[in-house]
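Observations on the three-dimensional arrangement
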Amino acid sequence: MRAADAPTHQRWAPVWIVAVVGVAYGLGSGSAWLLFHASDVGAVFFPPAGVTLGALLLARREHWVYVLGAAAAVELGINLSQGLAVGAAAGFMLTNTVEPLVGATLVRHFLPGRIDLTRVRDAGVYLTCAVGLGPLAGALIGATTTAWTAGAGWWTALGQFWAGDGLAVLTLGSAVVGLGTLRAPLPARRLWRAALVLTATALLTAIGFWPQDVPLMYLPVPLLLAAGFGGRIATVGAAGFVMAFVANLQSAAGRGPWAVLAEHPDVEAATLQVYLAFVVVGAWVLAIAVAERDRARAQSRREVAARRRLETLQEVTAGLAGAATAEQVVRVLVEKGVGVVADHGYVTLLDRDGVNLRIWPTSTVPPATMARFAEVRLGDLARLPVLDVVQRGQPVTLGSLAEIADRYPAVMDSGAEVATRGVHVVPVRVAERTLGALAFVYHQDGAVTPEVASLAQTIADLAGQAVDRAERHEAEYTAAHELQRSLLPRISDHLPGYGRGPRTSRPSGATTSAATGTTCSSCPAAGSRSRSATWWDTA
């Protein structure tokens, strides 16, 4: 496909990537220089490390060059503006581009698909590759550059780079990756709750890292653990970033418990990052445990629901197998079949002429709604999902109320329930003939999963076979009844003892044949030698 034929958002993706990464990287790098005094301390907490790593994991491979290019350009420009020599500026630019590239490449090698940091395997890969090996690769280059250009100790610089960049990837990087995997739009209540957590974290961290003599740095820890109880890595990562940012800001200003190490700024910066990393990892582990527990509970509920559906489906299959008439088939579907798949629904069948459509609702459908649609002519119906399915023979799935209103506004006009959030309609067919349709209605968005759709189609197939079998049985019974009546002798009205007129009574002991509709009475007297007399009366 040519570039001109690509969608607009794809053509503009590189521009947006460069703009967002460039602005975010510039803000993070500026804070490291201006707020954390990187020029005096050396390597400090470096938020851009989390920005580039998160952007690489969210972007396509072909867009990585734009992420790294924007980061390299901003890094080189800020380094030169801070008075670094060209060699040092280029060395740090290489540090901050190789580091995210190594981390993202390793993560994508083991996790090529969607990344879920609440899963143990995904979290282990992220911690090992993105937080550990990636910053280590950058630290090797950064320590070598520092030792070569500034004459600083190589091992000390290595520890500083590794701790500062690793903490940024652990906090801000995980927040970016977590936010990128969330479904938009997010509920407003959830956004307000996250904003409250971040604000409270900033306040408690500022208070905890204010005094030097009173150890209060533990104040924000319970809040991070509480965020972990929610099972949201994005919230934990964002709260951890806020805590790390404020704690480094306070320490750079000479406040907090780490101020006693002011004479050794390299040790102060490194040990502070290690403490913050342990706090965030603890909250992260808690979030993973909570998420795993929730997944286990959800899986258990799905298994129970699947077992119940299977049991009910067996009952439906047995009921349909024993149904001798179409009315009995409908009764089984209404009472049990629809409820296996949906919250409520409808069973619809065409008459033999294919002109009228009869509709049977489940017991949960309001009677006022169905009073208008008990039996209707196809030509009198507005455009409804059932009508489309009956006419075209193809299933129709509507996953949300907005989709229902957009594709079938007549459904909303017909008095559909407010709780309706999804509709799935499947045809009832046998061979190439459409007999009707089954409509399944749901009270939740996204309820029509592939498993649910497959189960609905199975019930529709069973219903088609049962209706066809019932129609054949009824036709055979009717034909046999008519044949039996045609074989009965025609008795003249003038025969003695026979009459067609209405009778007010029939002989004692008379019996009626269910097959022919005639009444017969044999009247031999007990112990009599006379021949029995037979009385006939046509019904």
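Just above, that's the structure.
In this report, the structure presented in the accompanying data block is examined. (Residues numbered from 1 in each chain as written. Predicted model: local features only at pLDDT ≥ 70, side-chain atom pairs only at ≥ 80, totals over all residues. Heavy atoms only, no water.)

**Notes on the layout of surface pockets**
In this structure, the largest pocket encloses a volume near 930 Å³. Those elements giving two or more residues to the lining of the largest pocket turn out to be α8 (154-180), α11 (233-252) and α12 (265-322). Ranked by residue count, the leading element in the lining of the largest pocket is α12, at six residues. Per-class residue counts for the lining of the largest pocket are 11 nonpolar, six polar and nine charged. (1 Å grid on protein atoms, 1.4 Å probe; cavity = no way out; pocket = protein on both sides within 12 Å on 5 of 7 lines; lining within 4 Å. Points joined across faces, edges and corners; volume = space filled by probe spheres on them. Helix = DSSP H or I, 4+ residues; strand = E, 2+ residues; numbered from the N terminus. Nonpolar A, V, L, I, M, F, W, Y, C, P; charged D, E, K, R; others polar.)

**Some thoughts on the packing of aromatic side chains**
Under the defined criterion, the tally for this structure stands at eight aromatic pairs. An aromatic cluster is present here, built from Phe45, Phe241 and Phe245 joined pairwise through their rings. (Phe/Tyr/Trp six-rings, centres within 6.5 Å; stacked < 30°, edge-to-face > 60°.)

**Comments concerning unusual backbone geometry**
Located in the positive-phi region is alanine 431, a residue other than glycine, with phi close to 60 degrees. As for its placement among the helices and strands, alanine 431 is situated in the loop between β5 (422-430) and β6 (433-442). Assessed through its relative accessible area of 73%, alanine 431 is described here as exposed. (Buried < 20%, exposed > 50% of the residue type's maximum accessible area, 1.4 Å probe, protein only.)

**Digging into the pairing of β6**
Of all 10 residues making up β6, nine are buried, and the element is well covered by its neighbours. In the sheet, strand β1 (residues 344-350) pairs with β6 via six bridges, with the strands oriented antiparallel. Within the sheet, the bridge partner assigned to histidine 344 lies in β6 and is valine 441. Direction of pairing for β5 relative to β6: antiparallel, over a ladder of nine bridges. Within β6, the residue paired with valine 428 across the bridge is glycine 436. (Pairing = 2+ DSSP bridges.)

**Some remarks on the environment of alanine 59**
Inspection of the secondary structure assignment puts alanine 59 in the loop between α4 (48-58) and α5 (64-81). On a C-alpha basis, the gap between alanine 59 and proline 14 in space is 10.0 Å, while along the polypeptide they are 45 residues apart. In this structure alanine 59 touches Trp64 and Val67, once residues within four positions along its chain are discounted. (Contact = heavy atoms within 4.5 Å.)

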